[in-house]
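What the coordinates show
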Amino acid sequence: MYDDELAHERNYVDVLYGRLDELRAEKVEQLGEVRRAKSMGTHQNRSERDAFATLYENRLAQLNAVDDRLVFGRLDLDDGQARYIGRIGLLSEDLRQLLIDWRAPEAGTFYQATAFDRMGVRRRRHLLLKGRNVKAIEDDVLDHTMLVDGEHVQGEGALLAALNSKRTGRMNDIVGTIQAEQDRIIRSPLSGALVVQGGPGTGKTAVALHRAAYLLYTHRERLQSSGVLLVGPSNAFMKYIERVLPSLGETGVVMASVGNLFPGVQAKAPESAQTAELKGRIGMAKIVANAVANRQRLPQGDVRLDVEGTRLILSVRQVRRAREKAQATGLPHNEARVTFVKTLLRELTEQLREHIESAGAGNNADRSYLAEDVRSSRDVRVMLNLCWMPMTAQQLIDEMFSKPDILTAVTPNLSPEQRNLLVRAPGSPWSESDVPLLDEAAELLGDMDATGGRAQAHAESQRKRDLVNAEKAISNVNQQLEDSGVDGMLTAEQLADYNIVQAQSQTSAERALTDRTWAYGHVVVDEAQELSPMQWRVLVRRCPVKSFTIVGDIAQTSSASGATSWRQALTPFLGERWNVEELSVNYRTPRQIAEAAVRMANAAGQLVSAPKAVRDGEWEPVVDQVQASGVVAQVVAVMPEETAAVGGGLVAVIAPPSMVAEIAAALRAVYGSRIGHGAGSLEQDIVVIDPHEAKGLEFDGVIIVEPAALLAGAQGRVGDLYVAMTRPTRRLRLIGSAPLPRGIVE
């Protein structure tokens, strides 16, 4: 009977893949036709052509991304129907439903039905695919009348099979094995902020990613234009998860680490925990505002200016009045500067006119040139910039930290010791904690036209020339147009538009990546417990409607500026518009390792939730106590045992940042190219990383180097060591020279 059922499912899956291939070929043909079409007709015609091309490209990308394990489930219902559940929905040519998208309401019962509440489901079948081939089927029989004598469920179960599979350095989706408590959270309403609290291994990240895909599917009309932003803790983490959303049928989510939230800046520079904590305080917003105000200055006294040999006086009172008038506009610094400059140029021009007329030059002469004389005067330009300098965010923050006199002026409430933490050399690279300061500065400064308006004037002038040339061209071919019967159907504007090189069409996600002011419809934040108040300020600015999915575990906080409670982190920004859902089951970490991590945290004074592990492991944590000089050699010595224990799976060495390079070099001397070092090496057999880079990742086996140093380096906070201990899916080893932190060994 099992063989017959397996053969039936293989035949049906072949039909589904056949239909998938047909749709791909159809979209390839449609896209080819659009691309072959010439750029003719009105500007609207060309826009429509580009829109169709984008539509076909997006659909083709979606169809290509779901090829692996296209279908994963089947529901047999009380009414005799069979529903197949997969990554996307598929219809036959005659519009019969072949496959239901996992996000559709009618697919919800695949995850929610139980023997106690069948929800009309008699049997839930898991189809275990490798590529396009059905390797096995697993049945959950919810209606006992379906069972026949001697029948039993075969295999180890879809969930355990997924948990026991080898890691690849990339996260896989869990769409085929979503559990009921996860599904309920994934399908929660869009509005407001949802906090998903869960210990290690509970599937927080997977829930966040599947929720992003679900919301885009369910609220497509609302979110397609505004988009969804997904924020993670590091570049390594973003690389780890990058394939999940496309495999779920979504390709339009903007993904960024906290160090990449400011366009054009990729923050990587390390800095001390004390500096990062200070920059993360909400009071830094006032300091940045002070730095902007510091660039709106009054001269020490009245200033003499030379304009074409004539001495003019710029008084302090004039500058103060112009500054007040500019500030009253409510515009950002660079935009309000236009009012400031216009006001003073007008007054200086009037003063120059009075000088010339008082010298007896007559009152009837044309004085229109005087305004340009004042504007182009070097003395005037220098003085206007000294009083109100246009700046970029990068210039403002760099000068604030590299010029002690400016830093002292804008930080009246900081101590000298705190200012010393902020001082650095000009042009220093940006750190993650600088990104919110840059964003705050950009918000207060506004756009800056570095050409002083000349770029816009040039564009307007070029447009006029294009229209003149177009009119001449139409006039030259007027007779031919009349002979063709199309006289008057082509305007100069249309012809000018036709000759413009059109920018490549972009999706909303692509545009959002380069637009700091983009307002997203929803933001998903992973490892949210690590965010500082200033980083939360940036994210709330990115989503004015305050629609968030916030994922994390307070017990895993390792950042000095991170949260000690969700209320402390969120109430200042979201008020009471947030609620918490907790995940209670640890799917990743074997029981022995999970319990050791909890004991360590509790012994260090950190009370943590202890999600129930779904499975036992083969080993207790292995501990090696060695001399300090032998730690690196011990890592190399035990590596064959560790790789053999996990059957050639992925092994991570998690070490203090200061030891990562040394350990990687020692391992590479023995294992060569099999060794990966740092965030960009997760697809190697063995990877050496620090605890920050390990956040959110998982490995078959983990070796923790100097666990006591990880605890000490975080000033006693258990976050780094707790995170490191809960990364393995099978085996954990700890190697150290100092006494082991209490609680690890029972």
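None of the values given here were measured: they were computed from a predicted structure.

Brief notes about the overall build of the protein
- Helix and strand counts for the protein stand at 31 helices and 22 strands.
- In the protein, once contacts between residues fewer than 6 apart in sequence are set aside, the share between residues at least 24 apart is 73%.
- Looking at the protein as shown, the accessible area adds up to about 34,500 Å², and 51% of this sits on carbon and sulfur atoms.

What about empty space enclosed by the protein?
- Scanning the model with the defined rule gives 2 cavities of 30 Å³ or more in all.
- Quantified by volume, the largest cavity comes out at close to 50 Å³.
- Ala291, Asn294, Arg295, Met391, Leu396, Glu399, Met400 and Ile406 together form the lining of the largest cavity.
- When residues of the lining of the largest cavity are assigned to their parent elements, the largest contribution, 3 residues, is made by helix α16 (residues 393-402).
- Of the residues in the lining of the largest cavity, the class split is 5 nonpolar, 1 polar and 2 charged.
- Put simply, the second largest cavity is a space of about 40 Å³.
- In terms of residue count, helix α26 (residues 591-603) provides more of the lining of the second largest cavity than any other element does, 3 residues in total.

As for the environment of Leu437
- Mapped onto the secondary structure, Leu437 falls in helix α19 (residues 435-445).
- Leu437 gets classed as buried once you look at its relative accessible area, which sits at 0%.
- Setting aside residues no more than four positions away along its own chain, Leu437 makes contact with Lys279, Met284, Val288, Ile397, Phe401 and Met534.

A word on the confidence of the model for the protein
- The predicted model of the protein has a mean per-residue pLDDT of 84, with 85% of residues at 70 or higher.
- Predicted confidence is poor over residues 149-156, with pLDDT under 50, and the contacts of this stretch with residues over four places away or in other chains come to 10 contacts.
- Note that residues 501-505 has pLDDT below 50 and, in this model, 5 contacts with residues that lie over four places away or in other chains.

A short note on the side chain of Glu181
- For Glu181, the location among the structural elements is in helix α5 (residues 180-186).
- In this structure Glu181 is buried but unpaired, with Arg184 as the nearest side chain of opposite charge at 5.2 Å.
- Of note is the side chain of Glu181, whose polar atom sits 3.1 Å from the side chain of Ser584.

Concerning the packing of aromatic side chains
- If you walk through the whole model with that rule in mind, you get 5 aromatic pairs.
- Taking the centre distance of 5.2 Å and the plane angle of 90° together, the rings of Phe110 and Tyr111 count as edge-to-face. Judged on exposure class, the residue Phe110 and its partner Tyr111 are both buried.
- Grouped by ring-pair contacts, the aromatic residues Phe72, Phe110 and Tyr111 constitute a single cluster.
- For Arg731, the ring lying beneath its charged end belongs to Trp619, and the centroid distance is 5.0 Å.

Focus on the sheet that holds strand β5 (residues 121-130)
- Pairing within the open sheet is mixed, and its 6 strands lie in the order β3-β4-β2-β1-β5-β6. Here the strands that pair on one side only, and so sit at the sheet edges, are β3 (90-91) and β6 (133-141).
- With 5 bridges joining them, strand β1 (residues 71-77) and strand β2 (residues 82-86) adopt antiparallel strand pairing. Bridge pairing in β2 links Leu75 to Arg83.
- The strands that helix α1 (residues 2-36) touches are β1, β2, β3, β4 (97-101), β5 and β6; relative to β6, the one it contacts most, it runs at about 120°.

A short note on the UniProt feature "binding site: ATP" (unreviewed entry) in the protein
- Residues given the UniProt feature "binding site: ATP" (unreviewed entry) here are Gly198, Gly199, Pro200, Gly201, Thr202, Gly203, Lys204 and Thr205. Lining the second largest cavity, from the residues named above, are Pro200.
- With respect to the secondary-structure elements, Gly203 resides in the loop between β7 (193-198) and α6 (204-218).
- The class of Gly203 is partly exposed, set by a relative accessible area of 22%.
- Aside from chain neighbours lying at most four places away, what touches Gly203 is Gln182 and Leu583.
- Tracing the chain through its elements places Thr205 in helix α6.
- What makes Thr205 buried here is its relative accessible area of 11%.

Observations concerning the pattern of salt bridges
- Using the criterion set out here, one finds 46 salt bridges in the structure.
- With a closest N to O distance of 2.7 Å, Arg125 and Asp139 form a salt bridge. Residue Arg125 is found in strand β5, and its partner Asp139 is found in strand β6; the two are separated by 14 residues along the sequence.
- On the basis of relative accessible area, Arg125 is assigned to the buried category, the value being 1%.
- Salt-bridge contacts for Arg321 lead to Glu347; the nearest nitrogen and oxygen are separated by 3.1 Å.

A closer look at the sheet that holds strand β20 (residues 686-689)
- As summarised here, the arrangement of the 6 strands in space is β17-β22-β21-β18-β20-β19, forming an open sheet in which the pairing is parallel. One side of each edge strand has no neighbouring strand; the edge strands of this open sheet are β17 (622-625) and β19 (675-677). Shown here is a sheet whose adjacent strand axes are inclined to one another by a mean of 20°, direction ignored.
- Where strand β21 (residues 699-705) and strand β22 (residues 728-736) come together, 6 bridges link them in parallel fashion. Opposite Gly701, over in β22, you have Arg731 as the bridge partner.
- The strands that helix α28 (residues 657-671) touches are β18 (651-654), β19, β20 and β21; relative to β19, the one it contacts most, it runs at about 160°.

Comments concerning the packing of helix α12 (residues 316-328) against helix α13 (residues 333-358)
- Interhelical geometry of α12 versus α13 gives an angle of 145° and a closest axis separation of 8 Å. Seen from above, α12 lies across α13 with right-handed handedness. Residues Gln318, Val319, Arg321, Ala322, Arg323, Lys325 and Ala326 of α12 lie in contact with α13, whose contacting residues are Ala336, Thr339, Phe340, Thr343, Leu344, Arg346, Glu347 and Gln351.
- Across the contact of α12 with α13, the residue classes break down as 6 nonpolar, 4 polar and 5 charged.

Focus: the environment of Leu223
- In this fold, Leu223 is placed in helix α7 (residues 220-226).
- C-alpha of Leu223 to C-alpha of Tyr520: the two residues are 297 residues apart in sequence and 8.0 Å apart in space.
- Residues contacting Leu223, with those up to four places away along its chain left out, are Leu190, Leu215, Leu216, Val228, Gly521 and His522.

Notes on the packing of helix α27 (residues 631-645) against α28
- Taken N-terminus to C-terminus, the directions of α27 and α28 make an angle of 45°; their axes are 10 Å apart at the nearest point. In this view, α27 runs oblique relative to α28, as classed from their interaxial angle. By crossing handedness, the relation of α27 to α28 is classed as right-handed. In this structure, α27 contributes Val631, Val632, Val635, Val636, Met639 and Pro640 to the contact, and α28 contributes Met659, Glu662, Ile663, Ala666, Leu667, Val670 and Tyr671.
- Of the residues belonging to the contact of α27 with α28, the class tally is 12 nonpolar, no polar and 1 charged.

What counts and what doesn't
- Residue indices follow the written sequence of each chain, beginning from 1 at its first position.
- Predicted model: local features are reported for residues with pLDDT of at least 70 only, side-chain atom pairs are reported and counted for 80 or more only, and whole-chain, interface and lining totals are derived from all residues.
- Calculation of side-chain values draws on the structure's entire complement of heavy atoms; hydrogens and water are dropped beforehand.
- Secondary structure elements are defined from DSSP: runs of H or I of at least 4 residues count as helices, runs of E of at least 2 residues count as strands, and each element is numbered from the N terminus.
- Residue contacts are defined here by distance: any two heavy atoms, one from each residue, within 4.5 Å place the two residues in contact.
- Computed with the Shrake-Rupley method and a 1.4 Å probe, the accessible areas treat only the protein chains shown as cover for residues.
- In this analysis a 1.4 Å probe is tested at points of a 1 Å grid over the protein atoms alone, and where it fits but cannot get out there is a cavity; an open set with protein on both sides within 12 Å along at least five of seven lines is a pocket; lining residues have an atom within 4 Å of a point.
- Grid points are joined across faces, edges and corners, and a volume is the space filled by probe spheres set on the points.
- Following the grouping adopted for this structure description, the nonpolar residues are Ala, Val, Leu, Ile, Met, Phe, Trp, Tyr, Cys and Pro, the charged ones are Asp, Glu, Lys and Arg, and the polar ones are all others, Gly among them.
- Type-normalised accessible area, obtained with a 1.4 Å probe on protein chains alone, sets the label of each residue: buried when under 20%, exposed when over 50%, and partly exposed for intermediate values.
- The predictor reports its confidence for every residue as pLDDT, a score running from 0 up to 100.
- Think of it this way: Lys and Arg go in the positive column, Asp and Glu in the negative one, and His and the chain ends go nowhere.
- A side-chain nitrogen of Lys or Arg and a carboxyl oxygen of Asp or Glu constitute a salt bridge if their distance falls within 4 Å.
- We define a polar contact as two N or O atoms separated by no more than 3.5 Å, with the added condition that, inside protein, one atom must be a possible hydrogen donor and the other a possible acceptor, whereas residues neighbouring each other in sequence contribute only through side-chain atom pairs.
- Each Phe, Tyr or Trp ring, with Trp reduced to its six-membered ring, pairs with another whose centre is within 6.5 Å; inter-plane angles below 30 degrees give stacked pairs, above 60 give edge-to-face pairs, and intermediate values give tilted ones.
- Counted as over-ring charges are cases with an Arg CZ or a Lys NZ within 6 Å of the ring centre that also lie within 35 degrees of the ring normal.
- Paired strands are those between which DSSP finds at least two bridges.
- To get an axis, fit a line to the C-alpha atoms, keeping to the stretch in contact for a helix; angles then go from 0 to 180 degrees between the N-to-C directions.
- UniProt positions are given in the numbering used here, feature names are shortened, and annotations may be inferred rather than shown by experiment.
- Should the near helix be turned counterclockwise from the far one by less than a right angle, the crossing is left-handed, whereas a clockwise turn marks it as right-handed.
- Roughly parallel here means an angle under 35 degrees, roughly antiparallel means over 145, roughly perpendicular means 65 to 115, and every remaining angle is called oblique.

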